[in-house]
Amino acid sequence: MSSNQSRRKFIKDSATTAAAALAVPSIIPAEAFGANDRINAAVLGINGRGKSHIQGFMVQDNVEVTTLCDPDMNLLKQRQKDFKDKYNKDVALEQDLRRVMDNKDIDVISIATPNHWHSLAVIWACQAGKDAYVEKPGSHNIWEGRKMVEAAEKYDRIVQHGVQLRSSPAVNEAIGLLRDGYIGRVYMARGLVFRWRPSIGDAGFEPVPDGIDYDLWTGPAMKRPFTRNLVHYNWHWTFEYGNGDVGNQGIHETDLCMWGLDVGLPTKITSMGGKFLWDDAKEVPEVLTSVYHYPEEDKIIQFEVRPWCTNTEEGVTVGNIFYGDKGVLVVDGYDSYKTYLGQKREPGKSGSDGAMSGSEYDRGAGGTDGHFANFIKAVRAHDKTILNGPVETAHLSSGLAHLGNIAYRLGRVLTFDPDSERFVNDAEADKLLKRNYRPPYVIPENV
């Protein structure tokens with residue numbers, strides 16, 4: 001079996017595995033474990049999604065966040081106060097994630113750093129014998145995404161990708177309908193990221209503020225002069241540290257496109273867009289349309305990023321639409337779906353996590369907290385087959401976004417070989433599959 005076939009089989013099997021996992025309690029009662037079974041967690045990156053990660057751990061039974069880590073000591077002190085106010089507990093602070101990796105009392109880490117740190121942090125965690133939850137995207141480029149998968153396999157670690165819609169009962173039900181042929185043969189998926197993204201202006205350069213270890217923040221990336229247009233959020237809009245919205249919000253949708261279509265990485269990619277609204281410090285396109293073609297499987301993915309005033313599609317601004325020869329299935333956000341059948345678009349089956357309350361699925365599944373519950377369950381069992389968002393899916397869904405960005409940057413149709421994970425006779429495109437790593441923050445060839 002070729003590696004591409006293996007990846008497709010993995011994605012197909014993961015739908016069945018995730019659905020099965022939702023049918024049993026996602027949170028094991030604390031009384032089932034002794035004091036020595038408590039899981040100690042550290043959260044890396046605590047400005048944005050990291051705050052949700054803290055809660056995601058702290059609502060689990062017999063799990064406790066013991067360490068917060070961020071290059072910005074100012075943020076750390078504020079989060080320490082917030083933690084004390086909310087949980088009436090103390091939490092340790094650490095600026096350097098390498099000391100977190102060395103701490104033998106920490107069992108699991110979650111990674112909500114900027115994108116350029118994600119894969120390296122996962123690899124270091126695996127090498128240190130820790131399990132990891134990594135925020136989307138799992139990688140900043142395709143090469144390091146594969147290294148992340150190799151590290152999880154080599155060190156036998158549990159790695160969950162932070163696409164919480166994979167723990168949604170309603171989305172799992174929708175995937176089941178696609179698999180069962182409810183809308184017929186599914187040949188196309190469309191991902192939508194219509195988010196309100198205003199101008200970020202141009203803050204210019206300034207000295208590094210007190211309390212920020214900018215060398216650690218920069219990590220494996222090229223170090224640029226310090227600017228508020230990077231630290232703390234707007235790094236998303238540069239190719240050096242982020243991946244634009246297709247690699248930000250869009251990873252939820254690239255993941256679902258691939259999961260629903262039951263495909264791996266594509267053969268043909270094209271992408272077009274640009275900056276049409278503001279003359280600001282963003283480098284990535286504000287508007288982006290990408291097409292991913294699977295000629296061997298007769299399937300196609302369309303992906304659209306829009307930043308400002310726009311129409312909705314089937315009432316959705318962030319979500320997915322699947323097209324079959326008998327109807328369409330629409331996923332709105334993270335936790336609901338609806339279907340329309342035939343030429344007259346007659347409403348068919350629909351579902352939402354809220355509507356499933358009290359059902360067999362109402363066992364702590366869904367949302368960030370439910371996705372963390374699934375992760376902790378897999379950690380306790382040391383069984384990666386329990387994971388709803390395993391590391392392979394992190395690599396593939398992130399990889400799809402990376403391919404679209406590469407096609408945009410080169411301005412032409414690209415031909416990709418999913419087996420070798422390289423472009424076909426295209427050295428220029430191959431250079432964008434990997435970055436130049438800044439010592440000592442280097443991902444080695446052999447992880």
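Just so we're clear, the structure is a prediction, and the values are computed from it rather than from any experiment.

Helices and strands together make up the secondary structure of the protein, namely 12 helices and 16 strands. For the protein, the residues scored as buried account for 57% of the 447 residues in total. Considering only contacts within the protein whose residues lie at least 6 apart along the sequence, 72% involve residues at least 24 apart. For the protein, the exposed surface amounts to about 17600 Å²; the carbon and sulfur share of it is 49%.

Another aspect to go through is the packing of helix 7 (residues 169–179) against helix 9 (residues 250–261). At a minimum axis distance of 9 Å, the contact between helix 7 and helix 9 shows a crossing angle of 35°. Judged by residue contacts, Val171, Asn172, Ile175, Leu178 and Arg179 of helix 7 engage Leu256, Trp259 and Gly260 from helix 9. Per-class residue counts for the contact of helix 7 with helix 9 are 5 nonpolar, 2 polar and 1 charged.

Right, let's get into the nonpolar core. The biggest cluster of nonpolar side chains holds 44 residues, and the ones touching the most others in it are Leu256, Tyr292, Ile301, Phe322, Leu329, Leu403 and Phe423. With 32 residues, the next largest nonpolar core counts Val100, Met101, Ile109 and Ala394 among its residues.

Turning our attention to the sheet that holds strand 2 (residues 63–69). Taken in spatial order, the 6 strands line up as 3-2-1-4-5-6 in an open sheet, and their pairing is parallel. Of all strands in the sheet, those with a lone pairing partner are strand 3 (92–94) and strand 6 (159–162), marking the two edges. Shown here is a sheet whose adjacent strand axes are inclined to one another by a mean of 25°, direction ignored. Across 4 bridges, strand 5 (residues 131–135) lies against strand 6 in parallel orientation. Within strand 6, the position partnered with Glu135 by the bridge is Gly162. Along the sheet, helix 5 (residues 118–127) makes contact with strand 1 (39–44), strand 4 (108–111), strand 5 and strand 6, crossing strand 4 at roughly 175°.

A separate point is the pairing of strand 2. Successive residues of a regular strand alternate their side chains across the two faces of the sheet. Burial within strand 2 is extensive, with 6 of its 7 residues counted as buried. Here 6 bridges tie strand 1 to strand 2, and the two strands are oriented parallel to one another. Pairing of Ala42 across the sheet is with Thr67, part of strand 2. At this point the chain moves from strand 1, through helix 2 (residues 49–58), to the parallel strand 2, and the crossover so formed is right-handed. For strand 2 and strand 3, the ladder comprises 3 bridges, and the chain directions are parallel. From the neighbouring strand, Leu68 faces strand 3, where its bridge partner is Leu93. Tracing the backbone out of strand 2, into helix 3 (residues 73–87) and back to the parallel element strand 3 gives a crossover that is right-handed.

Moving on: the sheet that holds strand 14 (residues 346–352). Read across the open sheet, the 10 strands follow the order 14-13-12-11-7-10-9-8-15-16; overall the sheet is mixed. With partners counted over all chains shown, the strands left at the sheet margins are strand 14 and strand 16 (422–423), one partner each. Strand direction decides the pairing type here: strand 13 (residues 336–341) and strand 14, joined by 5 bridges, are antiparallel. Note on strand 14: the bridge partner recorded for Tyr337 is Gly351. Packed onto the sheet, helix 11 (residues 391–410) meets strand 8 (268–274), strand 9 (287–294), strand 10 (299–306), strand 15 (414–417) and strand 16 and runs at close to 65° relative to strand 8.

This part covers the pattern of salt bridges. Across all of its chains, the model carries 31 salt bridges by this definition. Salt-bridge contacts for Arg99 lead to Glu94; the nearest nitrogen and oxygen are separated by 2.9 Å. By relative accessible area, which is 17% here, Glu94 ends up buried. Shared partners join several salt bridges into a network, and the residues in it are Arg190, Glu304, Arg306 and Glu313.

The next thing to look at is unusual backbone geometry. Lys136 connects to Pro137 through a cis peptide bond whose omega is -10°. Here the amide bond leading from Val231 into His232 is cis, since omega sits at 20°, within 30 degrees of zero. As for its position among the elements, His232 is in the loop between helix 8 (214–218) and helix 9. Of note in the backbone geometry, Asn62 takes a positive phi value of approximately 60° without being a glycine.

About the criteria used
- Residues numbered from 1 in each chain as written.
- Predicted model: local features only at pLDDT ≥ 70, side-chain atom pairs only at ≥ 80, totals over all residues.
- Heavy atoms only, no water.
- Helix = DSSP H or I, 4+ residues; strand = E, 2+ residues; numbered from the N terminus.
- Buried < 20%, exposed > 50% of the residue type's maximum accessible area, 1.4 Å probe, protein only.
- Contact = heavy atoms within 4.5 Å.
- Areas by Shrake-Rupley, 256 points an atom, 1.4 Å probe, with all protein chains shown as cover.
- Axes fitted to C-alpha atoms, helices over the stretch in contact; angles between N-to-C directions.
- Nonpolar A, V, L, I, M, F, W, Y, C, P; charged D, E, K, R; others polar.
- Core = buried A, V, L, I, M, F, W, Y, C linked by side-chain atoms within 4.5 Å.
- Pairing = 2+ DSSP bridges.
- Right-handed = clockwise from strand over helix to strand, strands pointing away.
- Salt bridge = Lys/Arg side-chain N within 4 Å of Asp/Glu carboxyl O.

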